[in-house]
Amino acid sequence: MSDGRVAVGQAAVDQLLEVLDLDPTGDMTFRGMSPPVGPQRVYGGQVAGQALVAAGRTVDPERFVHSLHGYFVRPGDPVEPIEYQVENIRDGRSFSVRRAVALQHDKPIFFMSASFQRTEDGLDHQAPAPLDVPAPQDVPTMSDRLARYPERLGIWGQIPRPIDVRYVGEPGWVRPGDRPADPHQRVWMRIDGKLPDDPLLHACALTYASDLTLLDSVLSVHGEVWGPGGVVGASLDHALWFHRPFRADEWFLYDCWSPSASGARGLATGRMFTTDGRQIASAVQEGLLRRVGA
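One numbering rule holds for all chains: residues counted from 1, following each sequence as written. Reporting in this predicted model follows two pLDDT cut-offs: at least 70 for local features of residues, and 80 or more for side-chain atom pairs to be given and counted; totals over whole chains, interfaces and linings ignore these cut-offs and use all residues. Think of the side-chain values as coming from all heavy atoms in the structure, minus any hydrogens and water.

*Asks:* Explanation requested: the packing of aromatic side chains in the structure shown.
*Replies:* Any two rings among Phe, Tyr and Trp, with Trp reduced to its six-membered ring, count as a pair given centres within 6.5 Å; such a pair is stacked if its planes are under 30 degrees apart, edge-to-face if over 60, and tilted if neither. Within the structure shown, the criterion is met by 5 aromatic pairs. Between phenylalanine 72 and phenylalanine 110 the ring centres are 4.9 Å apart and the planes differ by 45°, which places this aromatic pair in the tilted class. On the criterion of sequence distance, the pair formed by phenylalanine 72 in strand β5 (residues 63–72) and phenylalanine 110 in strand β8 (residues 107–118) is long-range, its members being 38 residues apart. Here phenylalanine 72 and phenylalanine 110 have matching classes, each one buried. With centroids separated by 6.3 Å and ring planes inclined at 85°, the aromatic side chains of tyrosine 167 and tryptophan 173 adopt a geometry described as edge-to-face. Tryptophan 173 carries the same exposure label as tyrosine 167, and that label is buried. Secondary structure follows DSSP: runs of H or I at least 4 residues long count as helices, runs of E at least 2 residues long count as strands, and numbering of each begins at the N terminus. Each residue is placed in one exposure class: buried if its accessible area under a 1.4 Å probe, protein chains only, is under 20% of its type's maximum, exposed if it is over 50%, and partly exposed if it falls in between.

*Asks:* In this structure, what is going on with the pairing of β5? I would like to understand it.
*Replies:* When a strand is regular, its side chains alternate between the sheet's two faces. Pairing between strands requires that DSSP locate at least two bridges from one strand to the other. As judged from the 9 bridges shared by β5 and β8, these two strands associate in the antiparallel manner. What sits directly across from leucine 68, in β8, is alanine 114. Examined bridge by bridge, β5 and strand β11 (residues 231–242) share 5 bridges and lie antiparallel to one another. Bridged to leucine 68 within β11 is leucine 240.

*Asks:* Honestly, the pattern of salt bridges in this entry has me stumped. Any pointers?
*Replies:* If charged atoms from side chains of opposite charge come close, those side chains can pair. The term salt bridge refers to a pairing of a side-chain nitrogen on Lys or Arg with a carboxyl oxygen on Asp or Glu at a separation within 4 Å. Under the counting rule described, the total for this entry stands at 16 salt bridges. For aspartate 178, the salt bridge is made with arginine 175, and the minimal N-O distance between the two is 3.9 Å. Here aspartate 216 ties to arginine 179 by a salt bridge, and the two come within 2.9 Å at their closest N and O atoms. Linking aspartate 216 in helix α5 (residues 216–222) with arginine 179 in the loop between β9 (163–167) and β10 (184–191), this pair joins segments that are 37 residues apart in sequence. The exposure classification of aspartate 216 matches that of arginine 179, with both residues buried. Bridged by salt links that share partners, the residues Arg145, Arg148 and Glu170 form one connected network.

*Asks:* How should the nonpolar core be read in this particular structure?
*Replies:* The nonpolar side chains of soluble globular proteins are, as a tendency, buried together. The criterion is simple. A nonpolar core is a set of buried Ala, Val, Leu, Ile, Met, Phe, Trp, Tyr and Cys residues joined through side-chain atoms within 4.5 Å. Core analysis: the largest hydrophobic core is formed by 67 residues, its most contacted members being Leu52, Tyr84, Phe110, Met112 and Phe242. For this core, the element with the most residues is helix α4 (residues 199–210), which contributes 8 residues. We call two residues in contact whenever any of their non-hydrogen atoms come within 4.5 Å of each other. Those residues within four positions of phenylalanine 242 in sequence are excluded, and the remaining contacts are Leu52, Val65, His66, Ser67, Leu68, Ala203, Leu206, Thr207, Ile280 and Ala281.

Here it is, written out as structure tokens:
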């Protein structure tokens, strides 16, 4: 299935699965590729998701990832393969910790620590999910929103869209002046097709998706937009905690807000909830944000 020339639905999901299916080059080393068509630099969620694939393949499959912390240190070149080197930090009775470094031209572009835990019982509570949020089927699709802003389409009109993203409010790529200030940015998401049942793959897909809209919540506070007449930015770091079992190919609400912005940097945090209100993950990211002229 396609939207014009753009792969969507299962066709786009299958391409995402190919991107996440790394080639082993040794016991603790892997090689990943970027999609044939994409932005001028490697998308941060891609390299974080691939790094988690690499780390997870060196861990007992009975242990599930519960957190990751990564830093983006150089822009990635989408034309060049990415080498992932994994270091076994520790295998304990309950936890395994790995460090994964992504390299291009023998220089790190991203590094990440990830922790995996065997399933255990314990205390269980969560903050309530946001109230009065429209259901995903009642929110405009990405295609509906893009149709209103053809001049803002850019690369998004060319690359595959494996994730169904539905903004509850105005997204950050509308025209300057068209976005009212809002302390929260809420987006419904799901992988737009069927994924295999492997929990690690769902965690990697969620990691891939978690970088898409998080930093935009900093702009939302000010009613700012991306691009000409607005702001340009880049992710500096990314942290993600997985709380409960989930499927990334089922709807989840990404509820994001920004507690602080200063010094050309903005901090964003987000919570992910299933349609029945279970909190499945939390994310925090800091990004570089600079104004650009019209």
